[in-house]
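A closer look at the structure
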Amino acid sequence: MSEDVRLVAWVRGHVQGVGFRWFTRAKALEIGGLSGFALNLADGRVQVVAEGPRDGCQGLLEWLLGADTPGRVDGVTEIWDTPRGGYDGFGVR
């Protein structure tokens, strides 16, 4: 079994106005076992917070870095941490 972790990722590129947050939520739900959210930031980035098994969070990060995301991802900055909890499923903010 995989340990639970917290992934915070900031996604740069053309990622607002293209359904990016909704597709991120759908991918997190498809992976399963993840809670957190996707949020548009004022500077044009999308922040993704995911908590759950390390392999699930890693899978979400690989998807964020891949070619199947909507829009155009120019880069992703990530931080790994211990889970804080408090999320009810995976949402869009």
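The preceding data block contains the structure.
Figured I'd write up the structure that's included with this text. What you are looking at is a predicted structure, and each value in this text was computed from that prediction instead of being measured.

Parameters and conventions
Residues numbered from 1 in each chain as written. Predicted model: local features only at pLDDT ≥ 70, side-chain atom pairs only at ≥ 80, totals over all residues. Heavy atoms only, no water. Helix = DSSP H or I, 4+ residues; strand = E, 2+ residues; numbered from the N terminus. Contact = heavy atoms within 4.5 Å. Lys, Arg positive; Asp, Glu negative; His and termini not counted. Charge placed at Lys NZ, Arg CZ, Asp CG, Glu CD. Salt bridge = Lys/Arg side-chain N within 4 Å of Asp/Glu carboxyl O. Buried < 20%, exposed > 50% of the residue type's maximum accessible area, 1.4 Å probe, protein only.

**Looking at the overall build of the protein chain**
The helix and strand inventory of the protein chain stands at two helices and five strands. Mapped in sequence order, the helices and strands of the protein chain form the string β-α-β-β-α-β-β. Based on the C-alpha atoms only, the size of the protein chain along its principal axes is roughly 35 × 25 × 20 Å. Taking contacts inside the protein chain between residues at least 6 apart in sequence as the whole, the part at least 24 apart equals 77%. Taking the average location of the 10 positive side-chain charges in the protein chain and that of its 12 negative ones, the two points are 7 Å from each other.

**Some words on the pattern of salt bridges**
For the coordinates displayed, the defined rule picks out six salt bridges. Put simply, D81 and R84 hold a salt bridge, and the shortest N to O gap is 3.7 Å. Relative accessible area serves as the criterion here: at 36%, D81 is assigned to the partly exposed category.

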